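What follows is each chain in one-letter form.
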Amino acid sequence: MYSSNTEEFVSNSSNREEKYEVLKKLRNKRERVAEDYDRKLAKQFVELLPDGTTVFFGNPRDIRYNKYKGNGDKAGRKLLQHWSFIRIIDQCVLKLNENGKVGEKITEWNTSRLHYRCGEQVERPYNNSFQRIRCSTCDDELDAEFNASVNIAVTRNCLSIP
C-alpha cells in the first residue's frame, strides 16, 4: 500500500512537470506574436516607399493621454492601450536602414514654434486651436503640422528653402 502511494506521488509530480513545460513554452507567446506582427508591419511599410526616401518618426507618447477615461471613446482607448509605439518605430527604422532608405527617430519639441520661411516665432490666433499658426512678420497663416514637418526637413538637410 505504501508503494502505491509513492507511485501516485511520482506520477503526479511527472504530470506537474509536463504541465509546467507546456506553460513554459507558452509563457512569452503573446509578446513574440506582437513582435512578429510589428516586424511584418514595418516590412510592409518599407516596401511601399520608393528608393531614396527619408522618414522621420516622432514619439507619439501623448496620444494615450488624449484617450482618457470618460471622454466617450472607450473603443479607441482600448485599442491604443496595448500598442508599443517605440517597438513599432524601432522596427520601421531598422527595416528602412536595412533596405537602403533613411529612417530616424527625432524629438518634435518646438518644431512648429518658428516659421519655416522667415524663422520668426509664430502665434496661435485661435484660442482652442493648435492646428493653425500665424506669422506676424510674413502675414502668413498655415497649418502647424506642415510648418513643423518643413522645419524638421530643413534642420536634417533634406530640404532647402529659397
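Residues numbered from 1 in each chain as written. Predicted model: local features only at pLDDT ≥ 70, side-chain atom pairs only at ≥ 80, totals over all residues. Heavy atoms only, no water.

Examining the overall build of the chain
Alright, step 1. Scanning the chain for helices and strands turns up five helices and four strands.
Alright, step 2. Ordered by position from the N terminus, the helices and strands of the chain form the series α-α-β-α-α-β-β-β-α.
Alright, step 3. Sorting the 162 residues of the chain into buried and exposed places 23% on the buried side.
Alright, step 4. Taking as baseline every contact in the chain between residues at least 6 positions apart, the subset at least 24 positions apart corresponds to 48%.
Alright, step 5. For the chain, the accessible surface area stands at approximately 12600 Å², while carbon and sulfur atoms represent 51% of it. (Helix = DSSP H or I, 4+ residues; strand = E, 2+ residues; numbered from the N terminus. Buried < 20%, exposed > 50% of the residue type's maximum accessible area, 1.4 Å probe, protein only. Contact = heavy atoms within 4.5 Å. Areas by Shrake-Rupley, 256 points an atom, 1.4 Å probe, with all protein chains shown as cover.)

Things to note about the state of the cysteines
Alright, step 1. Applying the stated rule across the entire model yields zero disulfides.
Alright, step 2. Among the cysteines around C135, which has no disulfide bond, C118 carries the closest sulfur, lying 3.4 Å off.
Alright, step 3. Considering cysteine sulfurs only, C118 is the nearest to C138, which forms no disulfide, with 3.4 Å between them.
Alright, step 4. Owing to a relative accessible area of 32%, C138 belongs among the partly exposed residues under this scheme. (Disulfide = S-S within 2.5 Å.)

Brief notes about the pairing of strand β4 (residues 140-143)
Alright, step 1. In this sheet, β4 lies alongside strand β3 (residues 132-135) in antiparallel orientation, the contact comprising four bridges. The partner of I133 across the bridge, within β4, is L142.
Alright, step 2. What sits between the antiparallel neighbours β3 and β4 is a turn of four residues, in which D139 has the positive phi angle 55°. (Pairing = 2+ DSSP bridges.)

Brief notes about helix α2 (residues 29-48)
Alright, step 1. An ideal rise of 1.5 Å per residue puts 28 Å on 20 residues; α2 measures up with 29 Å between its terminal C-alpha atoms.
Alright, step 2. Buried residues in α2 make contact with α4 (85-98). (Expected span 1.5 Å × (residues − 1).)

A word on α4
Alright, step 1. Taking 1.5 Å as the rise per residue, α4 with 14 residues should run 20 Å; its terminal C-alpha atoms sit 20 Å apart, in good agreement.
Alright, step 2. Along α4, the positions that sit buried rather than exposed are F85, I88, I89, Q91, C92, V93, K95 and L96.
Alright, step 3. Once α4 ends, the next one or two residues include G100, with phi positive near 80°.

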